[in-house]
Amino acid sequence: MGSEHLGDRVGRLRRMAGLTQEGLAGRAGVSVDVVRKLEQRRKHSARLPTLHALAKGLGVEVTALLGDPPGVASTGQAEPPQLVAVRRAIAPPLFAVPPEPDGVETLTLPLLRAAIEEAWTLYHDAEFGRLMEVLPGVIADSRLAASVRDDRQRAAGQAALAKTLQLGGHLSIRLGKTDLAIFALERAITAAEASRDPLLPAMICNSMAWAYQRQNRLDDAMNLAVHAADGVERDHVHRAEGVRVWGGLLMSAATSSARSGDYGTADDMMRTAEQAAGRLATMPPAPNGKLVSVFSRSSVRIERVRLAVQHAHPQEAVRLARGMRLSADIPPSWRTWLLLDLARAHTDLGNVPEAVRTLEKLHRTAPAWIRHHTLAVATVTDLMSGPAHPPGLRRLAEFLGIVEGDWRSAEK
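Residues numbered from 1 in each chain as written. Predicted model: local features only at pLDDT ≥ 70, side-chain atom pairs only at ≥ 80, totals over all residues. Heavy atoms only, no water.

Participant: Help me understand the packing of helix α8 (residues 151–174) against helix α10 (residues 200–214), please; the structure alone is not making it clear to me.
Facilitator: The description of two helices packed together rests on the angle between their axes and the distance between the axes. It is at 11 Å that the axes of α8 and α10 come closest, and there the two elements cross at 15°. Looking at the two axes, α8 sits roughly parallel to α10. Like other packed secondary-structure pairs, α8 and α10 cross with a definite hand, here left-handed. In this structure, α8 uses Ala159, Ala162, Lys163, Gln166, His170, Ile173 and Arg174 to contact α10, whose residues at the interface are Leu200, Met203, Ile204, Ser207, Trp210, Ala211 and Arg214. Looking at side-chain class alone, the contact of α8 with α10 contains eight nonpolar, three polar and three charged residues. (Axes fitted to C-alpha atoms, helices over the stretch in contact; angles between N-to-C directions. Helix = DSSP H or I, 4+ residues; strand = E, 2+ residues; numbered from the N terminus. Parallel < 35°, antiparallel > 145°, perpendicular 65-115°, else oblique. Left-handed = near helix turned anticlockwise from the far one by under 90°. Contact = heavy atoms within 4.5 Å. Nonpolar A, V, L, I, M, F, W, Y, C, P; charged D, E, K, R; others polar.)

Printed below as a string of structure tokens:
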């Protein structure tokens, strides 16, 4: 059996809220025909503004309708031990006995930074299960480093703690735990302000803006990103790391603007960000690149493609992606998102063969990721419901559980 259909989720949540289809449509400000077609499975996907409207009408977060592939099961049962360990690391229990400083002499800042970089690499590779296993230990080591008496070392330890708590916030967002994410990021900002890195608080503000977006707090996300970007632009854009942080904040503000319905302003912001990214080629590279915001011409273009797809501009999305050469700093997770967005754009344009070829490439690149992603399932379902079934489509449908059969078998 494949992933739950979007319409099934809408119907289940609507009934839990005690609403009729007409009542939900009225609360969300959408056509009742949209609600009806989704629940009858005559419509397999919806644009992001529609999803936000439905989520608001249902009183849930948008991730309850359409989100990232789950890192842990959302069955309503007790959370798995790995997630509980992450919670305890982010928010240690009251009156907890501090850990024994066994082996403190081996905990050097270079080793700790290497561990943090490795943890961020797991995150960008979407290895969320493995990350849940290692993150509590990294957070504990960072807390220890932040508690030393030497002022300079303590500032470096606070910076390490800020980056690990920021990672805890990112992981929590991916797992659909946005309240835990905000708690982690608030503590990360406190640690960042105690460090000697003037850009670190702004970087974590960008993460907080993302958490606000996931809760549909779009005005809060926009205001936070703009405020932090203004501070970085005033004092730090003469360095590559400052440009990267400022550009990431501008992209975040653009996303909030687009989700609020102002795609034109969002596109202007993205164009400005892309121009700024071009300046990086003339600057010395930022130190500790893995721990600075992902920002380059490639990352901006990927985000522009995503916004174009989500806001009903598939032709523009294909144009933006044409001839794109991704830079080496683009994480694998961003590359998989680009392929999925392009597959959706080709589907919306009716270019079924190209949509299937793109999905096949995504299947080869990230089979576990595509199998659990709602948008991938919706896109293949849309393709299967059409008259054209080019080679490879049925195999994808079988792999995703949309149709029965052995997905390893030859195309029928």
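Participant: Help me understand the nonpolar core, please; the structure alone is not making it clear to me.
Facilitator: One broad rule of soluble globular proteins: the nonpolar side chains tend to lie buried together. Leu131, Leu171, Ile204, Leu249 and Phe295 are the most contacted members of the largest nonpolar core, which has 91 residues in total. The contacts of leucine 171, once residues within four sequence positions are left out, are Val86, Tyr123, Phe128, Leu131, Met132 and Leu135. Formed by 22 residues, the second largest nonpolar core is a distinct cluster that contains Trp337, Val352, Val380 and Leu396. (Core = buried A, V, L, I, M, F, W, Y, C linked by side-chain atoms within 4.5 Å. Buried < 20%, exposed > 50% of the residue type's maximum accessible area, 1.4 Å probe, protein only.)

Participant: Can you walk me through the packing of helix α2 (residues 21–28) against helix α3 (residues 32–39) in this structure?
Facilitator: Viewed as axis vectors pointing N to C, α2 and α3 meet at an angle of 125°, and their least axial separation amounts to 8 Å. With respect to each other, α2 and α3 are oriented oblique. For the pair α2 and α3, the sense of crossing is right-handed. Counted together, Gln21, Glu22, Leu24 and Ala25 of α2 and Val32, Val35, Arg36 and Glu39 of α3 form the full contact between these two elements. Residues belonging to the contact of α2 with α3 are distributed by class as follows: four nonpolar, one polar and three charged.

Participant: Which parts of the structure should I look at to understand α2?
Facilitator: Note that an α-helix has 3.6 residues per turn; residues three or four places apart therefore point the same way. Of all the residues in α2, the buried ones are Gln21, Leu24, Ala25 and Ala28. One side of α2 carries all its buried residues, which in axial view fall inside an arc of 100°. Opposite its buried face, α2 presents the exposed residues Gly26 and Arg27, each directed more than 90 degrees away. Positive phi appears at glycine 29, one or two residues downstream of α2, with a value of about 75°. (Arc of directions from axis to C-beta.)

Participant: When you look at empty space enclosed by the protein in this model, what are you seeing that I'm missing?
Facilitator: Rolled over the atoms, a probe as big as a water molecule pinpoints where empty space is left. Inspection of the entire model under this criterion finds two cavities of 30 Å³ or more. Where the lining of the second largest cavity is concerned, the elements lending two or more residues are α13 (263–278) and α14 (297–310). (1 Å grid on protein atoms, 1.4 Å probe; cavity = no way out; pocket = protein on both sides within 12 Å on 5 of 7 lines; lining within 4 Å. Points joined across faces, edges and corners; volume = space filled by probe spheres on them.)

Participant: Help me understand the packing of aromatic side chains in this model?
Facilitator: Centre distance and the angle of the planes are the two values used to describe a pair of aromatic rings. Under the counting rule described, the total for this entry stands at two aromatic pairs. Between tryptophan 120 and tyrosine 123 the ring centres are 5.8 Å apart and the planes differ by 80°, which places this aromatic pair in the edge-to-face class. Of this pair, tryptophan 120 and tyrosine 123 both sit in helix α6 (residues 109–124), separated by three residues, roughly a single helical turn. Judged on exposure class, the residue tryptophan 120 and its partner tyrosine 123 are both buried. Ring geometry for tyrosine 123 versus phenylalanine 128: centroids 5.9 Å apart, planes at 40°, classification tilted. The exposure classification of tyrosine 123 matches that of phenylalanine 128, with both residues buried. One aromatic cluster is present, built from ring pairs that chain together Trp120, Tyr123 and Phe128. One residue, arginine 306, lies across the ring of tryptophan 337, its end atom 4.4 Å from the ring centre. (Phe/Tyr/Trp six-rings, centres within 6.5 Å; stacked < 30°, edge-to-face > 60°. Lys NZ or Arg CZ within 6 Å of the ring centre and 35° of its normal.)

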